[in-house]
Each structure stands twice: as C-alpha cells, then as structure tokens.
Amino acid sequence: MLFKKIYLDNGATTQVDERVLEAMNSYFNKKFGNASSTHDFGRDAKNSLEDARKIIAKSIGAKSGEIYFTSGGTESNNFAIKGIAFANKGKGNHIITTKVEHKCVLNSCKWLEKQGFEVSYLDVDGEGFVDANDLENEIRKETILVSIIHGNNEIGAIQKLEELGKICRENKVYFHTDACQSYTKTGLEVNKQNLDLVTLNSHKIHGPKGVGALYIREGTKIEPWQHGGGQEKDFRSGTENISGIVGFAEAVKIAMDEKHVEQMNFLTKKLIKGVLKIQGTRLNGSMKERLCNNANFSFSKVEGEAIGGYLDQKGICSSTGSACSEMNLEPSYVLKAIGLSDEQANGSLRLTLSRFTTEKEIDYVLKVLPGIIKKLRRFSPL
Amino acid sequence: MYSKKVIERFENPKFVGEIKNPDAVGEVGNMKCGDVMKIYLKIEKGKIKNIKFKTYGCIAAISASDAMCELAKGKTLKQAEKITHEEIIEKMGGDVPQIKIHCSVLGTRALRKTIENYKNEKNK
Ligand SMILES: Cc1ncc(COP(=O)(O)O)c(C=O)c1O
Ligand SMILES: [Zn+2]
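Residues numbered from 1 in each chain as written. Chains lettered and ligands numbered in written order. Predicted model: local features only at pLDDT ≥ 70, side-chain atom pairs only at ≥ 80, totals over all residues. Heavy atoms only, no water.

A. Looking closely at the domain arrangement of chain A. All names here are of chain A. When its domains are assigned, chain A resolves into domain 1 (6–15 + 259–379) and domain 2 (19–257). Here the C-alpha centre of domain 2 lies 28 Å away from the C-alpha centre of domain 1. Interface area for domain 1 against domain 2, summed over the two sides, is near 2,700 Å², with a carbon-plus-sulfur share of 51%. Area buried by domain 1 at its contact with domain 2 is led by Leu 291, Tyr 333 and Arg 355, which between them contribute 24% of it. The interface formed by domain 1 and domain 2 includes one salt bridge. Close ionic contact of Asp 257 with Lys 259 constitutes a salt bridge, the shortest N to O distance being 2.9 Å. (Domains from an automatic or database assignment. Buried area = accessible area lost by both parts, 1.4 Å probe. Salt bridge = Lys/Arg side-chain N within 4 Å of Asp/Glu carboxyl O.)

This is the structure we're talking about:
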C-alpha cells in the first residue's frame, strides 16, 4: 500500500486493537490448555475463561452464570431464536421480530416458519423505529419470543429497548435483542431494559472474529442448539475458544471507556453535517437516536457502488445498500423498510467510524466526496 | 473484486456524455436492478459515426458502457447489432466478476435497442 487507507467500514468489522492482540498472544502456544482438562493447563484455561465471563457479564449488568460464549453474532442469534422456539412450543408457536433485522435473525425466523412456527415482521417508521403500540398489538396468547435489533447495522437507529422490553415483560414473553452493533456504544443493561437474551460479538469492537456471547437470563427456558461434550453448562458444546474469548474480554474492557463514544459521536456529527451540504443528499436514519459511529446517506441520481468505487480509488473504504452490491441484486431491505425509493436505496452510502478514526480522515472524506458525486451525476442519464 | 482494467475504464470513460441532435437514442435497465444505460448515436451512411453513453449504475455498468461504445464506433449498424456481451467483457479486460455479468449484458441490450429505435424511426 502506498498510502494509509481510511477505513470507514467499521460496521462490517474492525481492526483488532494491539492490546487485544497482546492479551491473546500467549494463549496460542503457552497457555494453550483445554478448559475441560483437570491438569494445570486446563485450570489456567478455565480461570481465564471465567475471568472473561465476569468482564462481559459486568459490562451489561448481568451475572457471570448468564453469559454463554459462542462463535459470534450469527451463532448467538440462531441459538437465541431457535433455542427459545423449540423450548417453548408447548406454550405457543408465534414469534415477533422486525423488518430491519440482520440476515441471521431473519433467516433463522424464515427457517422456523418452515418448521411450523408463525412469525410477524414489524414495520418501522421513516427513521427505522419500531412503534411500541405495534408491538403490543401483535402480541398474542401464543407469542413466545420478541426479537428486536438494538443498534441497526445499516442506518444506526437505536431502538428504545426499555419501553419495548417492558411490554414483553408485562405479557410474559421472552425479549431478545441483537446488540452486535450497539455493544459498548450505547447503554445496554439487561435489568433496566427488561432483556432476557442478548447477542454480543467481538469483531465489531476491535476484538477477534469468530467469538461472541449470548446472555441468557437465569431461569429462561431454552434448548441448546449445539450438542456435544457439554461445555457452557451443556448449553453450547465445543472446546472453548480461549484465545478468542480472552481477546473479546480485553476488547470489552477497553471499549467501555466512554470517551471513545464521545469522540466517535463528535466525528460522526461532523461528517454528517459536512456531507449534507452536498445538494440532493439525505441522511438515512435518525439524527438523535443514532449509533455514535454510523452515517448513512442517499445521493440523488448516482449509484452507491460507483460512489464506493471512486472513494476506494482515494483510499477510503465504505459500503452501500445498492442493488448491484447485494447478493440478491435488490436494494437493501432495511432502506426499503424505512420507505426509501429504489433510487434512494441504490444511491446509499454507509460510512462507519471507529475509535481509531481521526478528524483528519473525516476532513479528507469531506474534501473529496463532493467532487465524486458531481462527477457521477455528470455520467447519469436521470 | 474488480480488475485494474475495469477500474481504469470506470475512472476515465472516454465515451461518457451526450450527442446534440442525435440520430437515435435508447435506454435500458431500471431502478430496481440499479443500472440504467442511455445511448446516443450519430449515424452516417449506415455507419456509427459517433456514440456516447450516460449510465446510472455500478462500476461494471459504467465500465461496460464505455467498452461497448469503443467497440461500436465506426461499425456498420449490421455489425454493431452483432456485438455480443462476451466481446464487451473481452474489451473490459476479460475479467469481470460473475455476479456482475448481468450489468455488462446491459451494454449489448442498450446498443441493440438504440439501433432498433433508429430503424423504427426511419420506417415511419
Ligand atoms: C447486527 C448484526 N448482527 C449479527 C451480525 C453477525 O455477527 P458475526 O459476524 O459475528 O456472525 C452482525 C455483523 O456481521 C451484525 O451487524
Ligand atoms: Zn450493476
């Protein structure tokens, strides 16, 4: 690489923090034990595992015994949704989720529909928020689970978990949230927000990939989803990924420092303000209830992948929800759910920051982006 | 994901723009699929004297538009109609990601549609 890249795709994944790497290092070739072994190596691993569990539990106001390690966000969401569904089918077969979930939640629900469960997909408003009344109206006697994403990965909308959770609690329905994007970036407290299950992962917060956790409130009726040697109290079998889990916990410790959130908030606001000066631009999502690192725009008359292509030539990494960039060749369902036209969804650009993002980088984006949009509009027949 | 050649064309397309008083125009694609391609032709003695495009779309679509124009310029209408999307991809350097082939196919469709418009107009 000739020059340093400007990485603004932290919603996809983040750079592992040096301190995290350092913390993990000795777990590969020195403290390499299996936490189930009864010798010294095993005990060391077990201790590290339990230390990590404490750190993660504390970060969301949970008890250590309520944290179950998994291979990441996808597994945690699958485990939560399918595990609750199968354990509670005696009570009912109805699940409520939203139209703006991550694919791993939606596709878990789609699969459950094939197994005889019924799923309601709640609409969201123009900024991406679920209406508490809609949720209340949708709950029936057969409802066993409500699963609502906390911070949206595309548009950054932060749902009002406390209010939504209260409704679930009053109706005795389990409440799950996917907090992969919001974890350490905005308040997450299982008791205050009436949460029964929470999906967490590591690679969005400068930890390693392939590790995450599911918070399961004590007493929750859930079926294990991965069967085997009985690890994680028989709820998630498989030799624990100790190095990954240690890295995850270290990442959480560092990320809990609130000054990171303030800094990201400041830079994101600056970015949003600057980009909105370009004519024919809209901000997708809410200005207020928004993840501190997420900016998502739509530009009229230009296509998102092409914008990303020119940004890439300037060393700036971004993402888009345009049809051409999606596997299914349709514009992003999240952007469609907030009411965007095909043109608006195709003209979307997501820039997601991290605590490593600098003001200089944001200034550079603001310097080059207007020219890119102008050039592409000259190409456009619209 | 894209080859250097595709990116080069995307960065500096030679045929982007409009033609004043064109002999034919044609447009294909739609907003749902995310690519819209519009072609302008100047025709003299049955040959494509000049060709320009305007494209709303992804890197592949813009690059393919430009490659198609380069192939079509100077050809008779008969020859131009026979340009295949394989030839366009060849012109783009041969290396286009599989899921982007459909964006490149727009190039041949746009050209054929524009020529058809020209013929229909003449036969009126
Ligand atoms: C909101 C959300 N949920 C789930 C996931 C999946 O997590 P993982 O990549 O750890 O499987 C992601 C990220 O990819 C995400 O952004
Ligand atoms: Zn395309």
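B. Fine view of the sheet that holds strand β1 (residues 24–30) of chain B. All names here are of chain B. As summarised here, the arrangement of the three strands in space is β1-β2-β3, forming an open sheet in which the pairing is antiparallel. With partners counted over all chains shown, the strands left at the sheet margins are β1 and β3 (47–56), one partner each. Each adjacent strand pair in this sheet contributes to an overall mean axis angle of 15°, direction not counted. The pairing of β1 with strand β2 (residues 35–44) spans seven bridges and is antiparallel. (Pairing = 2+ DSSP bridges. Helix = DSSP H or I, 4+ residues; strand = E, 2+ residues; numbered from the N terminus. Axes fitted to C-alpha atoms, helices over the stretch in contact; angles between N-to-C directions.)

C. Geometry of empty space enclosed by the protein. Residue and element names in this part refer to chain A. Counted under the stated rule, the structure contains three cavities of 30 Å³ or more. Volume-wise, the largest cavity comes out at about 100 Å³. For the largest cavity, the lining is made up of 14 residues, of which Thr 184, Lys 185, His 206, Met 264 and Arg 355 are closest to its centre. Taken together, the residues of the lining of the largest cavity sort by class into four nonpolar, seven polar and three charged. For the lining of the largest cavity, the domains that each give at least three residues are domain 1 (6–15 + 259–379) and domain 2 (19–257). The space that makes up the second largest cavity amounts to roughly 50 Å³. In this structure, the second largest cavity is lined by Asn 265, Thr 268, Lys 269, Ile 272, Met 287, Lys 288, Arg 290, Leu 291 and Cys 292. Grouping the constituent residues of the lining of the second largest cavity by class yields four nonpolar, two polar and three charged. (1 Å grid on protein atoms, 1.4 Å probe; cavity = no way out; pocket = protein on both sides within 12 Å on 5 of 7 lines; lining within 4 Å. Points joined across faces, edges and corners; volume = space filled by probe spheres on them. Nonpolar A, V, L, I, M, F, W, Y, C, P; charged D, E, K, R; others polar.)

D. Local environment of the packing of helix α9 (residues 304–313) of chain A against helix α12 (residues 359–379) of chain A. Residues and elements named next belong to chain A. Two elements in contact, α9 and α12, have axes whose closest approach is 10 Å; the angle formed by their N-to-C orientations is 130°. By the angle between their directions, the pair α9 and α12 is classed as oblique. Regarding α9 and α12, the two cross each other, and that crossing is right-handed. Taken together, the residues of α12 that come into contact with α9 (itself represented by Ala 306, Ile 307, Tyr 310 and Leu 311) are Val 368, Leu 369, Ile 372, Ile 373, Lys 375, Leu 376 and Phe 379. Taken together, the residues of the contact of α9 with α12 break down into ten nonpolar, no polar and one charged. (Parallel < 35°, antiparallel > 145°, perpendicular 65-115°, else oblique. Left-handed = near helix turned anticlockwise from the far one by under 90°. Contact = heavy atoms within 4.5 Å.)

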